[in-house]
Amino acid sequence: MSEKKFSVVIAGGGSTYTPEIILMLLDNLDRLPLRAIKLYDNDEERQGRLAEACGIIVKEKDPNIEFTATTDPETAYTDVDFCLAHIRVGQLPMREKDEKIPLKYGVVGQETCGPGGIAYGMRSIPGVLENIEYMEKYSPNCWMLNYSNPAAIVAEACRRFKPNARVINICDMPIGMENNIAKILGFNDRKEMTVRYFGLNHFGWWTSIKDKDGNEYIDKLLEHQLKYGNTLPDEGNNGDYTDNSWYETAKKVKDLTALDPTMAPNSYFQYYLFGDDMVAHTNPEYTRANQVMDGREKRVFGECARIAEAGTAEGTSLEIGIHASFIVDLATALAFNTHERMLLIVRNNGAIENFDKDAMVEIPCIVGKDGYEPITIGTIPTFQKGLMEEQVAVEKLTVDAYEQGSYHKLWQALTLSKTVPSANVAKKILDDYIEANKEYWPELK
Ligand code: NAD
Ligand code: G6P
Ligand code: MN
């Protein structure tokens, strides 16, 4: 392997995920040697609350790695090989509004699914495009590994507005689920499995899981999921779940698999296929955004303040973002031409034969130094195709609405979402969202 060392910028440096991603990068220096880590955010105060601790963590691990935190795009994006982008335009208080507004009308209130994802998408598009432009201006050979949400809508905007940009859109959900699938099937590591998967982001299915010798395990998995969902029967909430909400989600896979016992579904289908159950189990006054603000955000910012005060990260409670190691896998594949097989969100372009070639789909790709090559899926069944066509239209209409400043396109997007019962309800949600997003959305006519 080459002696080259890489320079990385984390866009959305003030994210709750930043310290754990830095720990993950530092834990993988043997695979991806680094010479610089930079944090970039457009909110100096927020990023500042993490930056000092992150600087201490880097220095204690390897004082030769240059650490910078900045709000200046030129400083951030000059001389970088990879941009890890996880921005949240509007931050967590806007996530709270995305979730609570639909719940007022009895509709699913979720970060990326249904109305919440549409509202968030309208805010994210310009933020992500702006960062791509900085990258192209200051480091034209840099790759952006983008996991800013809502990834499906952001990916469609990238396809449309930045078709040649060196941006790869990716999500950790299949990886998190595959960690559990590996345990269910008795593998030591998810990388012992070769999977086939197709769909949209937060909207796909596993159709095959093979071991290294080519033996098929999908039927064994489906049989398990019909009984226990994506959980292990005896683990309770003691397994590898960030919190109880994710444990409940893994259990709910049981109901999703019951509806089509031939494929293993992404757990995000709970919001589309069992929206009534989701609404019934959500407190409209205290949603996931509140759980995250009271949980992960307090924990991470509190611990960073403690590290800064102590002047050392020794004994820190911050944990390596293990799920996030796929980011190093992806960067390593690009840097060292590893030809790793990874699920990415890419233009369909015929990979799913009976589906729109211009849809952004999530499918396995082979990643090497020139980017990715998607694997062919073939034809998909009517149920999955119907669901995907409806959802991809929602995503495209949202980007149309952004591009054209069109009220009607956004109303149509909301109306078409499987989570919304009627155009009446869609209009009420839309009008509330317009009011809440004045600072962020283009004006809609
Ligand atoms: P957060 O609000 O804690 O952090 C996001 C940061 O982005 C904030 O500090 C904010 O100031 C900054 N930001 C906003 N607009 C910006 C811009 N234009 N340029 C630079 N910085 C900007 O959010 P979080 O909960 O830590 O999540 C971060 C993001 O990562 C979200 O988009 C979330 O949905 C996403 N995420 C994706 C995956 C995945 O698998 N796809 C997994 C986890 C998180
Ligand atoms: C999964 C998804 C991400 C999403 C996250 C939300 O990891 O893949 O796209 O951002 O969950 O988790 P949270 O704990 O913030 O609700
Ligand atoms: Mn995701």
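Remember, predicted model here, so these are calculated numbers, not experimental data. (Residues numbered from 1 in each chain as written. Chains lettered and ligands numbered in written order. Predicted model: local features only at pLDDT ≥ 70, side-chain atom pairs only at ≥ 80, totals over all residues. Heavy atoms only, no water.)

Thoughts on the site of ligand 2
So, point 1. The full set close to ligand 2 counts 13 residues, and Arg95, Asn149, Asp172, Arg288 and Arg296 are the nearest of them.
So, point 2. In the model, an oxygen atom of ligand 2 is placed 2.7 Å from a nitrogen or oxygen of the Asn149 side chain.
So, point 3. His202 places a side-chain nitrogen or oxygen 3.2 Å from an oxygen atom of ligand 2.
So, point 4. When the free accessible area of ligand 2 is taken as 390 Å², the share hidden by the protein chains comes to 88%.
So, point 5. Among the elements that take part in the shell around ligand 2, helix H12 (residues 288–310) stands out by supplying 3 residues, more than any other.
So, point 6. Of the residues contributing to the shell around ligand 2, the split by class is 6 nonpolar, 2 polar and 5 charged. (Near = heavy atom within 4 Å. Polar contact = N/O pair within 3.5 Å; in protein donor to acceptor, adjacent residues only side chain to side chain. Areas by Shrake-Rupley, 256 points an atom, 1.4 Å probe, with all protein chains shown as cover. Helix = DSSP H or I, 4+ residues; strand = E, 2+ residues; numbered from the N terminus. Nonpolar A, V, L, I, M, F, W, Y, C, P; charged D, E, K, R; others polar.)

Observations concerning the state of the cysteines
So, point 1. Across all of its chains, the model carries 0 disulfides by this definition.
So, point 2. Residue Cys142 stays outside any disulfide, its sulfur separated by 5.9 Å from that of Cys83, the closest cysteine.
So, point 3. Unpaired in this structure, Cys304 has its nearest cysteine sulfur neighbour in Cys54, at a distance of 5.2 Å.
So, point 4. The exposure class of Cys304 is buried, given its relative accessible area of 0%. (Disulfide = S-S within 2.5 Å. Buried < 20%, exposed > 50% of the residue type's maximum accessible area, 1.4 Å probe, protein only.)

Some details on the UniProt feature "site: Increases basicity of active site Tyr" (unreviewed entry) in the protein chain
So, point 1. Following the UniProt record, one finds the feature "site: Increases basicity of active site Tyr" (unreviewed entry) at Glu111.
So, point 2. By the secondary structure assignment, Glu111 is in the loop between helix H4 (91–104) and helix H5 (115–138).
So, point 3. The residues touching Glu111, leaving out its near neighbours within four places in the chain, are Arg88, Arg95, Glu99, Gly116, Gly117, Tyr120 and Asn149.
So, point 4. A polar contact is formed between the side chain of Glu111 and the side chain of Arg88, at a distance of 3.0 Å. (UniProt positions renumbered as here; feature names shortened; annotations may be inferred. Contact = heavy atoms within 4.5 Å.)

Some words on the packing of aromatic side chains
Any two aromatic rings considered together are summarised by their centre-to-centre distance and by the angle between their planes.
So, point 1. Summed over all chains, the structure comprises 20 aromatic pairs.
So, point 2. Geometrically, the ring pair formed by Phe187 and Tyr217 is tilted, given 4.9 Å between the ring centres and 55 degrees between the ring planes. Placement of the pair is Phe187 in the loop between helix H7 (173–185) and strand E7 (194–200) and Tyr217 in the loop between strand E8 (203–210) and helix H8 (218–228), with a sequence separation of 30 residues.
So, point 3. Owing to a relative accessible area of 12%, Phe187 belongs among the buried residues under this scheme.
So, point 4. An aromatic cluster of at least three residues, connected via ring pairs, comprises Phe198, Phe203, Trp205, Phe269 and Tyr272.
So, point 5. Above the face of the Phe274 ring, Lys252 is positioned so that its terminal group lies 4.6 Å from the ring centre. (Phe/Tyr/Trp six-rings, centres within 6.5 Å; stacked < 30°, edge-to-face > 60°. Lys NZ or Arg CZ within 6 Å of the ring centre and 35° of its normal.)

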